[in-house]
Each structure stands twice: as structure tokens, then as C-alpha cells.
Amino acid sequence: MFRLTAPLGAAAALLASLLVAPPPVHATLQADLTITDFEATTLPPGVVAWGNDGPSTPVLTVEPGPDRPGAPDGNRALKAVYDVAQWGGWSHDLATAQDWSPYEGFAFWVQGTGSGQKIFFEVKDGGTGPGASELFESSFTDDTAGWRQVKVPFADFVRRPDYQPGGAPADGELDLAAMWGYSMRLPADSGTLVWDEVQVYGTAPPRPVRLATDRPVYTTGEKAEVRVSVSVTTATGAPLPADLTVGYRTGTGTATPGEDYTPAEGMLTFPAGTASGSAQAFTVRTLGDRRAEVAETIPIELSGAGTRPPAEHPAIVIDAHGLPYLDARRPVRQRVADLLGRMTLEEKVGQMTQAERGALAAPNDIATHLLGSLLSGGGSTPTPNTPVAWADMVDGYQVRARQTRLQIPLIYGVDAVHGHNNVVGATIFPHNIGLGAARDPGLVEQVGKITAREVKATGIPWNFSPCLCVSRDDRWGRVYESFGEDPALVTRMAAIVDGLQEHGVLATAKHYVGDGGTTYGSSTTADYTIDQGVTEVDRQTLEAVHLAPFAEAVRRGVGTVMPSFSSVDLGQGPTKMHAHRELITDVLKGRLGFQGFVISDWQAIDQIPGDYPSDVRTSVDAGLDMIMVPYAYQEFGRTLKAEVEAGRVPMARVDDAVRRILTQKLRLGLFERPYADRSRLADVGSPAHREVARTAVARSQVLLKNEGGLLPLRRDAKVYVAGSNADDVGNQSGGWTITWQGSSGPITPGTTILSAIRSRAAAVTHSPDASAPPAGHDVGVVVVGETPYAEGFGDVGRAGRTLGLAAADRAAIDRVCGAMKCVVLVVSGRPLELGDLSRVPALVASWLPGTEGAGVADPLFGAVPYTGRLPFTWFRTAAQVPINVGDAAYDPLFPYGWGLRTDPGRDRLKALRDRLARGDAASKAAAMTLTAALPERNWTTGGAVREPRVVLGAVSAAATLLDRSGTDTFAQGDTLVSVARDVAQATGRRPDLQAEADHELAAGHLSRAVALLARAAR
């Protein structure tokens, strides 16, 4: 309820007639402006073709076009020959933004064929560039065989509903002041179209004054005052040219006038000369009725001659109160039951719907369509991309949900897969492949904790991580998202779930199940070769290899599980995982006892065979609880509602899904604390967090080769640094960094490997292509590897991608290593084919370390030892792929688990003995056993094993005892086995046994691991 405390100043009748408009401002008549012409023989700069794959990318050529009406002599035009499977078209991306606000509309000539196809086109408004601008679209129908001019007023463009780029503005307003070009989207068909003379034309009519309130939604309780501030903004930023009166009143909502609020109306006067952006306010009061109630709304209506109202009607919301589900003292089960019993079908469907934030036609769609969740896809960021802007954005969406009658909070999700990786300035950790190399579940849990703190600080309670895939083929573009090829190792690394969830962020185990085992060549998505393909296995293999890590995540209480895009073929033909009722409902929810909710992957239900209603029906029946329909949220809501009403989707299945979703929202405390905790914003990218990331990087480094003990390098060395990845934060961070695919360059604050080397070495010469003279240097460091990619874009065989080094990197290795002693650091998302290593004495797998390149330099210069081990078998040649631990024929370059250490084995064993002596009886007995191995006569002066029989005997006895201990830790067992591994690696024999030993260690079988390494050492 409101009681107006500002003077009305006029009666309602006067308000209805509302003032006289300010004198019109007559714009200067504009001459048409040509944006693109095609008079050269080549494509104009910025004109590019694109498509979902190579064949769908149109072929663009500039051809003579003398027959266009009004064309000058020698006219040329753009010819587009296309054969689009899913999507394709062409764009003109401008190098600098242009101001189109003086013009009436957008025009171009097109030579059609009369095909009857509808062709959409869009203009790129605002943002930081063509790839981060808001898209507004229109269309024409190719119903004319020959030339025609298409002219569309800007007033007729609408915000593109099915896609918006990450980081684009989301105000829903075609501002026209900073335009970055346009795109022509071709139909999914084949044909030829010719374009010419793209222009903006005409003179824009006078632009109205924009009205806005200081908040889109005002939430309040009963018996409260609400102050509403109204601002006026001119299109040019100039002061108001004449007096302007703005009328306001409370509209008709769900609150009852006279019982919940006092109706209010009045006028605010802004004199001529008022600065653009100035505001005035009025105050209103709500009333109380002492009843438990759902939320009630009172819209605020603003009007005035010569003005444009807010893009979204502001509203005041009297919060829900006094209802059982709002009582935090009650058990979660009771609160869920009460809330579920109050919900309509539409509200339940809304909870099962997740939309991409950039696809919202307007933020109020959250309330209009009762949405339960939003996400940011990779690179879908606010502008500017700062932690504060993220918190503001998420809170802005959350407040829209407060307008719904039950005020069920949104749950916002993001892919924070190696830190809060979409946010500029956040701490970017090594990708999972590097964390798997570190072999430290405790460290991985700490990474999860820090990621949770940074994610939570920006208002986000849900992370689409960790990926628990067991990757079995290095040709897959997602290898680096996997902790390793061994299910025992991946299962260990599920400890990251605890790090996330014990610090307030819901974790997601993905991609259930088998996405790391797809057969090469089985993918039918775009031009992918293996990603989203078919996993062809028997049930026993599926359980033992691919299901095991998910069982561990469920045991740890993971809140959500995401199915894979891929299919599973257990011998009866492939079934899409999003349609696999047996594996989702019977196995995951049934046998494994998963209590959270299942969230689909991005548009994944569209890949289920059948029409859209059957996709919805099949996926929900299979056990999906929330569907990620980034752009089709309205269609999904209508379809699911219709399927339930027709009896094709049981209400019991819907209730089960919503119950699971609500349970997680309540457990997260979202009903009590829906907004960002801004007290931790300073932690995002903090020095303390970056120090942990640096440690993770250092422990992830795997020393593959170290002839002559070249590493660690001396601090007084003169170092020659070369290679493509030495000085590039983007390359060393990989995909899923700031944008989905990642990119090269200084995309976020961080320390490059080069700068880290410079901080340690006495003198450094940097020559990326190794063209600088090599003389006068003590050692060369060549940093080579891959450039960023994500998902199927990284599949080998797609767009010419291979597992080999680039020619420039190979040349840099040859030049540097031919001139001096050298170290090669491989910065990559997977093992690569390295070729001849005969002139490379030292080789390090650095993986994708993230922003903290200092962690690469730490073991390089001996500040910490090399301790990492291979999470993947390193093949000799690409012809061996796939190659994995346990294969019958196993002849790798370096086996799974390989990793030379630079810390003395005797020191390791002595420190371990001292720790074990504080454990239980078995642990103490193991400590006593190790004492026999520690006399100096058993070791070289450098701390390596001199008497393998004695040392391995003691280690074996200790391992047998620790298998029975209840107080030893994985780290202690790992240290014990590392000494046996040193001996085995020194012999270079039986890589199969060495690899199998590391599997047994990850599985917790210490004595088996030592026995295998002892056999390998014989």
C-alpha cells in the first residue's frame, strides 16, 4: 500500500491531458551514408563469411553488377554462393564504431531468385566491438527474381531473440550511437544471392526524452515508505530545451488498493535547462493487514508528452511473508513440500527452465515467464567485465524474480572450470589436466574452495564444474578438461566437489556418462570428429571406466549432474545421453542414490531425434530436471506445459524435478540470501588466491627428460627464450578463458612464462622465432605448444588440426637446441607429437597453467622441486592414439604416471618416516621399517637410491603396513611410492608396469604399486 507524501499539484483529469510537448527539435536533413560498397575487385576490409562448418560457410566474391537499377558504369557487387546446413552468412565488421542515430533506417540492394526464403539481417549496436554488441534484426522475403532495394526503418528492428554475443549490452534499446556493422544470415538451404550498396538512409525523427527510475523493482514490507526517483535523459546528453512535466501513478497489479497500498498519482516538473540525467522523487507508503501472504505487486506508470517511458515498467513489490516455506527454522523437506503445494503448473515449468542471460528479450522476462534459472554461457559477460559488474548484473536479475508471487529466487550458473574464468582479473588456475598431473586431492579441494569464493563474491551460487570425464583419446578437443585417462585418478580428484560445495557454491558433475570415450569419427555435430560422438562400450567398461568418478561425486553429495552431448552404445545402437532413462533415472538416481537435480547441457535436447515436443517429453521422462534452453525458453515453457496438460508428461515427474531443484535452492540459502555477498569482492584475483594458483602450477609441471641434470637452471644463467607460448597469457590459459574458445594475447591480468623467467634469471634474451643471435647465452628455453580452443573446435581432423607442433615452433626448437643446451616447455591441452628429441636434453610438460606463469619458473630454477606426473600417456607418434594405461600393446614415449623428480629421495623418505611415526600402530610400524632404508650408504650424495634392493625392500614392507593403516593419507602413500618410482624410471624398462603402478596407487593399493615398480626396475 502507498500513501503519497509528495504534493499532487493537479487533479487526475489534468494529469490525463498531461502538458504540452516541448517544441520539436528539427534535425538537419541527412544525406544517405554508404556503409559498404563493392567497387574493388576484392572483399572490402571487415567483410567475412561464417558458418557452423566449412561447407556451410558461403563463398563470397566480388563480381560485376552493371544491371542493378541506378548503378554507375563498372559497378560491382558481392556474390554469395551458399549451402547452409545449420547456420551461415556474412558480416561487415567495422574497425571503429559509427554513429547512425541521425538516420531513419537501414537499406541495401539485393538480387534474389524468387525462392520464397525468409532472410534475416541484423545490426550491431554498442558494446566494445563487433563481437560484443547487441543484435537487432529484421528480415525480408526473397520473393523477387532480380534486383530490389530493401529499406527498413530502425524503429522496426527488434532485439534478436535467439542469440546475443557474450559481453554484449543487454538494455534492449537500439541506441544507434555506436554501431559496429551488420550481418546477413542465410537460410538453411543452397542458393546464390547478390548484394550491393549497403546504406543508412533518411533523417531520424526527433528522439524523445527517456524516463527511468533508480530501480526496476522496489521490494518492501508492509507499513513501509518507498522513495521512487525518476530521471530524465536526452538522446544527445544536452539539457532539456523546454519545460517537461512527467506524470506518475500507481497502476493495476496484484496488490489491492486501499488494503495493501494507497493509490497515488502526481506530476514532476523539470524546467528548461535541466541537465540530462537529473532526477526528482516521490515517496509512497504500504499498509499492513497482518495476514500471511504471497508477494503482491504495484506497477509504477510514467508518462509525458515528448518522452519515452522506461523499457520495463518499474514496480513496487510487497514481499511474501508469514508462509511456512519462508521459515528458515523449518526442515528443508517441510519447506519444499509447502512451497510445492502452492505452485501452479506454470510456476513449476518455470523452475525447470534455464535461459541464457543474453537471450532475454527484457530482464522482466524472468518474472513474466517465471524463470527458475539463468546462466552465462562461455564469454557471456557484463560490460564492463569486472567483479562488481558481475555482482550488479546477477543481483539485477535476482531482483526481477522478486516480482513473482512466490518469490522463488533464481539460481544463476556459470562455467567456472579453472577458476572464475569468465571474469577479467579473476584467478585462473591450471586446467584439470594440470591438476591431474599434480596428483594432490587436497590441493584440488583448495582450488575448488578459492573458485567458490570468487564465484560466490559475484553473486553466483552454481558452477558447471567439475568435469569428471575419463578421456581416452588425445584427439578429443576436451582432453584438458579431464583430470586424466585413469578412472582411479579422476575419482580421486572428485575432492574438488567438497571445495566448491563446502564454501557455498553448488557443484556439477559432468558430463554424465562416457563423454571421454567417444569413438573417433562418430560425431555428427557440425564438423567435429570425436566430440559429442558415440561411446561404444560394454556395460562392464562403462561402469569401471566412466561411471566410477560420478559414483564418487554422488557419495560426496554433489548437487547437480549434467549429462553429456554424446551417445552411449552398449551393443543395441546409440542412445543420446539426454534421452537415456536407464542411465539417468535407473542408475544415477536409483542405484547410485543421487539426490540433487539433473541439468541438461546447452541446447542438448535439440539433438534428440524427433520433433521439439518429443525432445521435451523424452528428456524429462529420461530424468532431466532442469533444461538448459538458452534461447528457446519461451518455446520450451509452452511445450512442456502442453505436454503435461495432455498427459504425455506425468505431473509426478514434474513434481519430482521441481522438488529436487527447490531443495538445492533452500540448502544454498538463496531464499534468505539471494544477493551477492560483496564483502568478498576484493578476494577476486587477490594475491593470496594467485599464490595458491602458482603452487598448483608448480606442482603440475611434469619433468619428462633431464639429461645431465640440466634442470634446475642456475639463477646466474644467461637465458635465451623462444617459442610461440613464452609470452602469452591467453595461450597459456587455453580455452574457457574470458570467452568460450579463449584467445591469444593479454586477455586478463597474469604473469607470462617469459616475465617469470625474467624475474629469476640474470639475463634474458627473448626472440619468439629464435631469429636473434644465440651467441653468449648459457641455456635456451623454448616454450611451444597449442593455441586456445574448446570442445569440438579442438578435435583433431577438424579444420586441419593435428597433434603435431606448428612449423614455427618446430623451427624454434631446432634453431635453439642446435646452438646451445636447451629446455623445451610444452604448453598444451594434451600430449603432442614432438618428433626428434635427440638434441633436447630437458623436456617439461607445462599443460595450460593459467594466469600464474611464475609457477612454471619456480621448478625451472629450483625454487621448488619437480614433482608432477603424467595424467595421460605420452605417445611416440599420433598413429598410436588412442593409447592408455592397461592397453595390451603399450609402447609410449613416456608412460602414464611418468615424472622425474628433482628433490632427493632420501629427504622425502626421512620426512615421511617422521610423519608416519605420529600415526596409528600400522603407521608407526611402517615408520620403523623405513628407518632401515635411511642410512647414507644406501644413497648417493645427491639423494638418489644407491642400493635398490635394500630401499625397495623397506618401501615394500612399509607399503604393506600402510595398506592396513587408518591414519595414513593419500599424500603419504604417494610419497612412499615415489621412491620406488625413481628406481623404476632410472632403468627405463617396462613402461606398462610403471603405468599400471600409478593406477594402483590412485586406487589406494600401495603394496601393489610398489610391487609393480620393483618388477619394472629388475
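Residues numbered from 1 in each chain as written. Predicted model: local features only at pLDDT ≥ 70, side-chain atom pairs only at ≥ 80, totals over all residues. Heavy atoms only, no water.

Attention now moves to the overall build of the protein chain. A count of helices and strands for the protein chain gives 25 helices and 38 strands. Its C-alpha radius of gyration of 32 Å places the protein chain within 12% of the 31 Å reference for a compact globule of 1018 residues. Taking the principal axes of the C-alpha coordinates as reference, the protein chain spans close to 105 × 80 × 60 Å. For the protein chain, restricting intrachain contacts to residue pairs at least 6 apart in sequence, the fraction spanning at least 24 positions comes to 77%. Counting every atom, the protein chain has about 36900 Å² of accessible surface; 52% of that belongs to carbon and sulfur. (Helix = DSSP H or I, 4+ residues; strand = E, 2+ residues; numbered from the N terminus. Rg over C-alpha atoms; globule rule 2.2 N^0.38 Å. Contact = heavy atoms within 4.5 Å. Areas by Shrake-Rupley, 256 points an atom, 1.4 Å probe, with all protein chains shown as cover.)

Before going further, it helps to examine unusual backbone geometry. Residue P466 is reached from S465 by a cis peptide bond, and omega for that bond is 15°. With an omega of -10°, the peptide bond running from Y512 to V513 counts as cis. Tracing the sequence through the fold places V513 in the loop between strand 26 (508-512) and strand 27 (534-536). Phi at R290 is positive, roughly 65°, even though this residue is not glycine. Mapping R290 onto the fold places it in the loop between strand 18 (279-285) and strand 19 (296-303). A relative accessible area of 79% means that R290 is categorised as exposed. You will see that R990, though not glycine, has its phi angle at about 50°, which is positive. Residue position: R990 is located in the loop between helix 23 (970-987) and helix 24 (991-1002). (Buried < 20%, exposed > 50% of the residue type's maximum accessible area, 1.4 Å probe, protein only.)

Bringing the packing of helix 20 (residues 905-916) against helix 21 (residues 921-931) into the picture now. Where helix 20 meets helix 21, the closest approach of the two axes is 8 Å, and the angle between their N-to-C directions is 150°. Between helix 20 and helix 21, the angle is such that the two are roughly antiparallel. The crossing of helix 20 and helix 21 is left-handed. Between helix 20 and helix 21, the residues in contact are L909, L912, R913 and L916 and S923, K924, A926, A927, L930 and T931, respectively. For the contact of helix 20 with helix 21, the residue count by class is 6 nonpolar, 2 polar and 2 charged. (Axes fitted to C-alpha atoms, helices over the stretch in contact; angles between N-to-C directions. Parallel < 35°, antiparallel > 145°, perpendicular 65-115°, else oblique. Left-handed = near helix turned anticlockwise from the far one by under 90°. Nonpolar A, V, L, I, M, F, W, Y, C, P; charged D, E, K, R; others polar.)

Further remarks concern the side chain of T491. Considering the arrangement of structural elements, one finds T491 in helix 8 (residues 487-493). Setting aside chain neighbours within four positions, we find T491 in contact with A548, P549 and E552.

With their axes 8 Å apart at the nearest point, helix 23 and helix 25 (residues 1006-1017) run at an angle of 15° to one another. One element, helix 23, and the other, helix 25, form an angle in the roughly parallel class. Between helix 23 and helix 25 lies a crossing of left-handed hand. Within the contact between the two elements, helix 23 uses G973, V977, A980, R981, V983, A984 and T987 and helix 25 uses L1006, A1009, V1010, L1013, A1016 and A1017.

The subject of this paragraph is the pattern of salt bridges. This model, assessed by the stated rule, comprises 67 salt bridges. Of the charged contacts, one joins R148 and D143 as a salt bridge, the two residues approaching to 3.2 Å between their closest N and O atoms. Owing to a relative accessible area of 24%, R148 belongs among the partly exposed residues under this scheme. Between E346 and K641 there is a salt bridge whose closest N-O contact spans 3.5 Å. Residue E346 is located in helix 3 (residues 345-351), and its partner K641 is located in helix 13 (residues 633-645); the two are separated by 295 residues in the primary sequence. A residue is classified by how much of its surface remains accessible, and E346, at 37% relative accessible area, is partly exposed. Counted as one network, the salt bridges with shared partners bring together E122, E137, R160, D162 and R185. (Salt bridge = Lys/Arg side-chain N within 4 Å of Asp/Glu carboxyl O.)

This part covers the sheet that holds strand 11 (residues 179-185). Two pairing modes exist for strands in a sheet, parallel and antiparallel, and in both the strands are linked by backbone hydrogen bonds. On the basis of which strands lie adjacent, the open sheet formed by 6 strands has the order 2-5-11-7-8-10 and antiparallel pairing. In this open sheet, the two strands that pair with only one neighbour each are strand 2 (47-51) and strand 10 (158-159). Sheet analysis places strand 7 (residues 118-125) next to strand 11, joined by 5 bridges and oriented antiparallel. Residue pairing in the sheet places F120 in a bridge with R185 of strand 11. (Pairing = 2+ DSSP bridges.)

As a further point, take the environment of T404. Locating T404 in the fold gives a position in the loop between helix 5 (387-401) and strand 24 (411-414). Using a relative accessible area of 12% as the deciding quantity, one classes T404 as buried. A distance of 2.7 Å separates a polar side-chain atom of T404 from the backbone oxygen of A401. (Polar contact = N/O pair within 3.5 Å; in protein donor to acceptor, adjacent residues only side chain to side chain.)

On to the sheet that holds strand 31 (residues 597-598). One open sheet accounts for 3 strands, arranged 26-28-31; its pairing is parallel. Only two strands of the sheet have a single neighbouring strand rather than two, namely strand 26 and strand 31. The strands touched by helix 11 (residues 581-591) within the sheet are strand 26, strand 28 (560-563) and strand 31, with strand 26 carrying the most contacts at an inclination of about 140°.

Take the environment of V246 next. The topology assignment puts V246 in strand 16 (residues 244-250). With 23 residues separating them in the primary sequence, V246 and T269 have C-alpha atoms 6.3 Å apart.

Two measures describe an aromatic ring pair: the distance that separates the ring centres and the angle between the ring planes. For the structure shown, the criterion picks out 28 aromatic pairs. Pairing Y163 with Y631 gives two aromatic rings, centres 5.7 Å apart and planes at 70°, and the pair type is edge-to-face. One end of the pair, Y163, is in the loop between strand 10 and strand 11; the other, Y631, is in the loop between strand 32 (627-628) and helix 13, with 468 residues separating them in the sequence. Overall, the relative accessible area of 34% leaves Y163 in the partly exposed class. Pairing Y325 with F671 gives two aromatic rings, centres 6.2 Å apart and planes at 80°, and the pair type is edge-to-face. Of this pair, Y325 sits in the loop between strand 21 (315-318) and helix 2 (332-342) while F671 sits in the loop between helix 14 (651-667) and helix 15 (687-700), and the two are 346 residues apart along the sequence. (Phe/Tyr/Trp six-rings, centres within 6.5 Å; stacked < 30°, edge-to-face > 60°.)

Turning our attention to the nonpolar core. In this structure, L374, Y512, I605 and L640 are the most contacted members of the largest nonpolar core, which totals 126 residues. Looking at which element gives the most residues to this core, the answer is helix 7 (residues 441-457), with 7 residues. When near neighbours in sequence (up to four residues on either side) are disregarded, I605 contacts H578, Y612, D615, V616, S619, L624, I627, V629 and F636. Core analysis: the next-biggest nonpolar cluster, separate from the first, contains 69 residues, V719, Y720, V721 and A770 among them. (Core = buried A, V, L, I, M, F, W, Y, C linked by side-chain atoms within 4.5 Å.)

Think of an α-helix as turning once every 3.6 residues; residues three or four places apart then point the same way. Residues of helix 11 that are buried: L583, I584, V587, L588 and K589. Angular distribution of buried residues about the axis of helix 11 spans 165°; they occupy a single face of the element. Immediately downstream of helix 11, the backbone of G593 shows phi near 75°, a positive value. (Arc of directions from axis to C-beta.)

Below, the discussion takes up the environment of M184. Here M184 shows up in strand 11. Between the C-alpha atom of M184 and that of F120, which follows or precedes it by 64 residues, the distance is 6.4 Å. If near-sequence neighbours (up to four positions away) are discounted, M184 is found in contact with W50, G88, G89, W90, F106, F108, F120, F121 and W195.

This part takes up the confidence of the model for the protein chain. When pLDDT is averaged along the protein chain, the result is 95; 97% of the residues meet or exceed 70. Taken as a whole, residues 1-27 scores under 50 in pLDDT and shows 68 contacts with residues more than four places along the chain or in a different chain. (pLDDT = per-residue confidence, 0-100.)

What follows covers the side chain of S138. By secondary structure assignment, the location of S138 is in strand 8 (residues 134-141). If we ignore the near neighbours within four places in the chain, the residues touching S138 are I119, F120, F121, V152 and F157.

With that out of the way, let us pick up helix 20. When the terminal C-alpha atoms of helix 20 are compared, their 16 Å separation across 12 residues agrees well with the 16 Å that a helix rising 1.5 Å per residue should span. Here helix 20 has its buried residues at G905, R908, L909, L912, R913 and L916. All buried residues of helix 20 lie within an arc of 135° about the axis, which places them on one face of the element. Where helix 20 is buried, its residues touch helix 21, helix 22 (948-962) and helix 23. (Expected span 1.5 Å × (residues − 1).)

On to the pairing of strand 7. Remark: a regular strand shows side chains that alternate across the two faces of the sheet. Across the 8 residues of strand 7, 6 count as buried, placing the element largely inside the fold. Bridge count between strand 7 and strand 8: 8 bridges; the pairing is antiparallel. Across the sheet, residue V123 finds its bridge partner in strand 8, namely F136.

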